[in-house]
Amino acid sequence: MKNILVTGGAGFIGSNFVKHMLATYNYKIINLDLLTYAGNLENLKEVQDHPNYTFIKGDIRDRKLVNSIFEEYKITQVVNFAAESHVDRSIEDPEIFLLTNVLGTQALIDAAKANWKVDPENKYSKEYKKDVKFLQVSTDEVYGTLDATGMFKETTPLAPNSPYSASKTSADLIVRAYNETFGLPINITRCSNNYGPYQFPEKLIPLMINNCKKNSKLPVYGDGMQIRDWLHVKDHCTGIDTVFHKGKIGEVYNIGGNNEKANIEIVKLILKELGKSEELIKYVKDRPGHDRRYAIDNTKITTELGWSPSYTFEQGIRETIKWYIDNEHWMNNVTSGDYMKYYEQMYK
Ligand code: NAD
Ligand code: DAU
């Protein structure tokens with residue numbers, strides 16, 4: 001039995017991952033989530049009474065709480081999703097990104113280091129309990145941006161451009177450093193853009209579907225020719241699962257499905273799928289420091305660990321659009337509170 005601490009498990013990817021792990025393995029999953037605007041327990045309704053599942057509302061920066069969770073639940077692995085995740089918000093107000101993404105990750109990994117060490121008296125001991133692992137869910141944004149050619153490899157120099165990606169890069173490097181300096185068993189995954197059910201509608205795909213449904217304008221930044229490399233969230237979850245079980249200690253793995261699309265292509269596809277006119281498109285002021293193109297080279301995880309994605313983009317995006325249309329109640333709930341204030345401020 002593994003006792004896995006999943007942080008940020010009430011968010012988009014975390015909730016998909018919690019459900020994937022409970023459905024696939026007989027492990028105990030302890031989900032620690034602060035329930036910020038992005039965390040939603042409705043995402044976990046199907047598993048809330050699962051005997052192997054525990055939810056704890058709390059902050060990864062709360063060292064006392066995190067330590068008590070390690071002790072009480074005898075945590076053997078951590079998968080750290082908890083983060084502030086939206087680039088535009090990091091441009092409006094960077095501080096919380098540093099607090100959560102950098103200091104939060106450090107508080108969490110300190111707890112792992114203290115609780116997993118075989119000889120706690122020896123500060124610099126590199127001996128840890130057997131089979132423990134800290135898996136940091138990082139992002140391809142740590143690599144910065146690409147021109148028309150080339151791909152991000154795990155060895156590509158890190159050059160983050162937004163406060164969000166700079167904070168994720170710092171977290172990624174702290175986790176790496178705890179392996180180099182203290183010998184803590186870690187893996188880092190760097191995935192490209194996810195899409196699928198339960199994504200907060202501040203992000204491109206659910207935002208465009210929601211606006212389309214309401215016949216509101218679709219705000220496309222700049223010329224709409226920025227390229228993202230899309231992966232279905234369920235494929236991201238199987239990628240993390242693969243690294244969790246088979247990843248070589250200390251290694252970084254890119255996760256991506258070779259699915260590059262320009263933003264405007266995605267917007268037009270959503271309009272077509274929902275039978276709406278392209279007149280709804282509105283080109284708006286570009287995002288400052290906007291990364292032009294992301295593309296993941298997934299050779300390492302596919303060849304060394306045998307992972308591959310299962311969704312084609314065509315299948316995944318149609319299912320995703322249908323999910324948001326069928327789950328109007330979920331969309332109405334998450335957009336009913338502070339979201340509208342954010343939307344008005346952001347897109348005014
Ligand atoms: P999300 O914003 O949907 O969810 C983040 C979750 O973290 C929320 O449930 C929130 O309540 C929780 N959280 C925030 N601060 C916390 C704190 N201090 N303590 C505990 N919980 C806290 O994000 P997401 O899109 O699901 O992304 C999850 C992770 O994956 C992030 O680390 C992100 O950087 C990374 N990632 C995301 C993508 C993507 O396309 N969405 C791609 C690659 C990597
Ligand atoms: O690449 C992985 C990253 O993908 C993750 O680390 C982030 O957590 C995640 O938010 C995502 O970042 P992006 O900035 O790429 O995602 P977003 O959905 O915000 O935007 C996707 C593209 O669409 C980007 O080029 C900006 C553009 N866009 C976005 C919004 C919200 C628009 O043109 N209009 C919009 O209204």
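First things first, this report covers the structure right here in the doc. None of the values given here were measured: they were computed from a predicted structure.

Bringing the layout of surface pockets into the picture now. Size it by volume and the second largest pocket reaches roughly 340 Å³. In terms of lining residues, the second largest pocket is bounded by 13 residues, among which Glu 92, Lys 285, Asp 286, Met 346 and Tyr 347 are the most central. Taken together, the residues that form the lining of the second largest pocket break down as six nonpolar, one polar and six charged.

Across the sheet, which stays open at both edges, the seven strands sit in the order β3-β2-β1-β4-β5-β6-β11 with parallel pairing between neighbours. Lying at the two open borders of the sheet, with one neighbouring strand each, are β3 (53-57) and β11 (252-255). Within this sheet the neighbouring strands show an average axis-to-axis angle of 20°, counted without direction.

Time to look at the site of ligand 2. Near ligand 2, the surroundings consist of 25 residues, among which Asp 140, Tyr 164, Arg 287, His 290 and Tyr 347 are the closest. At 2.6 Å from an oxygen atom of ligand 2 is found a side-chain nitrogen or oxygen belonging to Tyr 164. In the model, an oxygen atom of ligand 2 is placed 2.9 Å from a nitrogen or oxygen of the Asn 263 side chain. Computed on the free molecule, ligand 2 has an accessible area of 690 Å², of which 95% lies beneath the protein chains in the complex. Elements that contribute at least two residues to the shell around ligand 2 include exactly α6 (204-213) and β8 (218-221). Partitioned by chemical class, the residues of the shell around ligand 2 number eleven nonpolar, eight polar and six charged.

Take the site of ligand 1 next. With respect to spatial proximity, 28 residues lie near ligand 1, and among them Ile 13, Asp 33, Ser 85, Tyr 164 and Lys 168 are the closest. The backbone of Phe 12 places a nitrogen or oxygen atom 3.0 Å from an oxygen atom of ligand 1. Contacts to ligand 1 include Phe 81, whose backbone N or O atom sits 3.0 Å from an oxygen atom. Those elements that provide at least two residues to the shell around ligand 1 are α1 (12-24), β5 (133-139) and α5 (163-182). The element contributing the most residues to the shell around ligand 1 is β5, with three residues.

Within the fold, Ile 56 resides in strand β3. For the pair Ile 56 and Ile 30, spaced 26 residues apart in sequence, the C-alpha separation works out to 7.3 Å. Excluding residues that lie within four positions of it along the chain, Ile 56 makes contacts with Ile 30, Asn 31, Leu 32, Asp 33, Leu 65, Ile 69 and Tyr 73.

Per the counting criterion, the structure on display carries one cavity of 30 Å³ or more. Approximately 60 Å³ is the volume found for the largest cavity. Val 87, Ile 91, Glu 141, Asn 161, Ser 162, Arg 228, Arg 287, Pro 288, Gly 289, His 290, Asp 291 and Tyr 294 are the residues that line the largest cavity.

If you trace the backbone, Tyr 294 turns up in the loop between β13 (281-284) and α9 (299-304). For Tyr 294, a relative accessible area of 1% gives the class buried. Here the alpha-carbon distance between Tyr 294 and Lys 261, two residues 33 residues apart in the chain, equals 9.7 Å. Polar contacts involving the side chain of Tyr 294 include one to the side chain of Glu 141, which spans 3.4 Å. A distance of 2.6 Å separates the side chain of Tyr 294 from the side chain of Asp 291, its partner in a polar contact.

Cut-offs applied
Residues numbered from 1 in each chain as written. Chains lettered and ligands numbered in written order. Predicted model: local features only at pLDDT ≥ 70, side-chain atom pairs only at ≥ 80, totals over all residues. Heavy atoms only, no water. 1 Å grid on protein atoms, 1.4 Å probe; cavity = no way out; pocket = protein on both sides within 12 Å on 5 of 7 lines; lining within 4 Å. Points joined across faces, edges and corners; volume = space filled by probe spheres on them. Nonpolar A, V, L, I, M, F, W, Y, C, P; charged D, E, K, R; others polar. Pairing = 2+ DSSP bridges. Helix = DSSP H or I, 4+ residues; strand = E, 2+ residues; numbered from the N terminus. Axes fitted to C-alpha atoms, helices over the stretch in contact; angles between N-to-C directions. Near = heavy atom within 4 Å. Polar contact = N/O pair within 3.5 Å; in protein donor to acceptor, adjacent residues only side chain to side chain. Areas by Shrake-Rupley, 256 points an atom, 1.4 Å probe, with all protein chains shown as cover. Contact = heavy atoms within 4.5 Å. Buried < 20%, exposed > 50% of the residue type's maximum accessible area, 1.4 Å probe, protein only.

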